[in-house]
Amino acid sequence: MAAKKWVIGNWKLQGSLSSNQALIEGIRARLPALDERVGMAVCPVFPYLPQVGGLIQGSGIELGAQNLSEQAKGAYTGEVAGAMLKEVGAKFVIVGHSERRSYQGEDDALIAKKTRAALDSGLIPVVCLGETKEERDSGETWDILLRQLNAVFDLIDAAKDEVVLAYEPRWAIGTGVSATPEMIADVHGFLRAYLVAKDAAFGARTPILYGGSMNGANAASIAAVKDVDGGLIGSASLKADEFVVIYEALRAAD
Ligand code: PGA
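Summarised in this report is the structure supplied together with it. In this text, all values refer to a predicted model and were calculated from it rather than measured experimentally. (Residues numbered from 1 in each chain as written. Predicted model: local features only at pLDDT ≥ 70, side-chain atom pairs only at ≥ 80, totals over all residues. Heavy atoms only, no water.)

1. A closer look at the pattern of salt bridges
- All chains considered together, the criterion is met by 16 salt bridges.
- Where aspartate 35 meets arginine 37, a salt bridge forms, and the shortest distance between an N and an O atom there is 3.0 Å.
- Note that aspartate 108 and arginine 101 form a salt bridge whose closest N and O atoms lie 2.9 Å from each other. No difference in accessibility class separates aspartate 108 from arginine 101, as the two residues are buried.
- Within this structure, Arg192, Lys226, Asp227 and Asp229 form a network of salt bridges that share partners. (Salt bridge = Lys/Arg side-chain N within 4 Å of Asp/Glu carboxyl O. Buried < 20%, exposed > 50% of the residue type's maximum accessible area, 1.4 Å probe, protein only.)

Structure (structure tokens):
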């Protein structure tokens, strides 16, 4: 069974009640029906999850959050638990995004705990991983990816857990320079082999997304790469027309 494809919008620290509404209405107007082989999800900041959950009702678009606590509940001021995200309608939660690794100092061990917390809450973690420019230039890409993978997979049961992986080279995020199709093919092939080695069925069904300056102009060439099962989209997910162009590119690939 081939992995389902997903186009997931990571809105980051952006949005407002009115711009969220305009964006979702814009997407729905351009895309009256989703293809069952290609899902779509949007990940607004926490306060807007219920609003956006209402706006997407009946569209088939899914809801995701951008972060969660590794804790289930308790005296953790400012944190948000997976069960709470689930209760307000989230299906996904992004974990291990490079901005949180850099700015919030999240390390592999914490990301692994958050991944487990998401799974235990019934959410699908979108686990992000990727190398910096320096790591790529010094030939460390595979070591870095393996370290990131091993940490998370220590706490994943490949026989039953459902996850999405997102390869996001850190130097490609928000820079306007995406990785080349060749680089993406290499890394996605490596990730697929890693997953298959854990469990053949798990490896086949787990979507591997690409993220990092994916946009309307490069979506078709990225979508055509083997083992690319979708995209995690930042800035282009805030423009309805571009987000839908990316979706259509994934739908057309195969
Ligand atoms: P970008 O962000 O598409 O703006 O590069 C991707 C991401 O951070 O997930």
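That covers the picture; the talk isn't over yet.
2. Some thoughts on the site of the ligand
- Near the ligand, the surroundings consist of 13 residues, among which Lys12, His97, Glu168, Gly174 and Ser213 are the closest.
- Interatomic distance of 2.7 Å between a side-chain N/O atom of glutamate 168 and an oxygen atom of the ligand.
- Burial of the ligand by the protein chains amounts to 98% of its free accessible area of 290 Å².
- When the residues that make up the shell around the ligand are grouped by side-chain class, the tally is four nonpolar, seven polar and two charged. (Near = heavy atom within 4 Å. Polar contact = N/O pair within 3.5 Å; in protein donor to acceptor, adjacent residues only side chain to side chain. Areas by Shrake-Rupley, 256 points an atom, 1.4 Å probe, with all protein chains shown as cover. Nonpolar A, V, L, I, M, F, W, Y, C, P; charged D, E, K, R; others polar.)

3. Side note on the sheet that holds strand β5 (residues 124-129)
- The strand order β1-β2-β3-β4-β5-β6-β7-β8 describes a closed barrel built from eight strands, whose pairing is parallel. Strand-to-strand twist across the sheet, computed as the mean angle between neighbouring axes with direction ignored, equals 25°.
- In the sheet, strand β7 (residues 208-211) pairs with strand β8 (residues 230-233) via two bridges, with the strands oriented parallel. Bridge pairing in β8 links tyrosine 210 to glycine 231. (Pairing = 2+ DSSP bridges. Helix = DSSP H or I, 4+ residues; strand = E, 2+ residues; numbered from the N terminus. Axes fitted to C-alpha atoms, helices over the stretch in contact; angles between N-to-C directions.)

4. Things to note about unusual backbone geometry
- The phi torsion at serine 213 lies on the positive side, around 55°, for a residue other than glycine.
- Along the chain, serine 213 falls in the loop between β7 and α10 (219-223).
- For serine 213, a relative accessible area of 15% puts it in the buried group.
- Positioned with a positive phi, aspartate 227 is a non-glycine residue whose angle comes to about 70°.
- Within the secondary structure, aspartate 227 sits in the loop between α10 and β8.

5. Side note on the environment of leucine 195
- The topology assignment puts leucine 195 in helix α8 (residues 181-198).
- For leucine 195, a relative accessible area of 0% translates into the label buried.

6. So, helix α1 (residues 17-30)
- Given a rise of 1.5 Å per residue, 14 residues ought to cover 20 Å, and the 20 Å separating the end C-alpha atoms of α1 matches this to within 8%.
- Where α1 is concerned, the buried positions are Asn20, Leu23, Ile24, Gly26 and Ile27. The buried side chains of α1 occupy one side of the element, clustering within an arc of 155° when seen end-on. Turned more than 90 degrees from where α1 packs its buried face, Leu17, Ser18 and Ala29 sit exposed.
- Buried residues belonging to α1 abut β2 (38-43), α2 (49-55) and α11 (240-252). (Expected span 1.5 Å × (residues − 1). Arc of directions from axis to C-beta. Contact = heavy atoms within 4.5 Å.)

7. Considerations on the side chain of asparagine 67
- Structurally, the position occupied by asparagine 67 is in the loop between β3 (62-65) and α3 (82-87).
- Judged by its relative accessible area of 13%, asparagine 67 falls in the buried class.
- Within the structure, asparagine 67 has its side chain in polar contact with the side chain of arginine 100 (distance 3.4 Å).
- At 2.8 Å, the side chain of asparagine 67 and the side chain of lysine 114 are in polar contact.
- With residues near it in sequence (within four places) discarded, asparagine 67 still touches Phe46, Leu85, Val93, Ile94, Arg100, Glu106 and Lys114.

8. A look at the environment of aspartate 254
- Counting through the fold element by element, aspartate 254 comes out in the segment after α11.
- Residue class for aspartate 254 comes out exposed when judged on its relative accessible area of 84%.
- Separated by 60 residues in the primary sequence, aspartate 254 and tyrosine 194 place their C-alpha atoms 23 Å from one another.
- Not counting residues up to four positions away in its chain, the partners in contact with aspartate 254 are Lys5 and Arg37.

9. Focus: the packing of aromatic side chains
- Here the structure, examined in full by the defined rule, presents five aromatic pairs.
- Ring geometry for tryptophan 6 versus phenylalanine 92: centroids 4.9 Å apart, planes at 75°, classification edge-to-face. Taken together, the positions of tryptophan 6 in strand β1 (residues 5-10) and phenylalanine 92 in strand β4 (residues 92-95) put the pair 86 residues apart, joining distant regions of the chain. In terms of burial, tryptophan 6 and phenylalanine 92 fall into one category: buried.
- Residues tryptophan 142 and phenylalanine 190 carry aromatic rings whose centres are separated by 4.7 Å and whose planes lie at 45° to one another, so their mutual orientation is tilted. Pair noted here: tryptophan 142 is in helix α7 (residues 141-153) and phenylalanine 190 is in helix α8, with a separation of 48 residues, a long-range link. (Phe/Tyr/Trp six-rings, centres within 6.5 Å; stacked < 30°, edge-to-face > 60°.)

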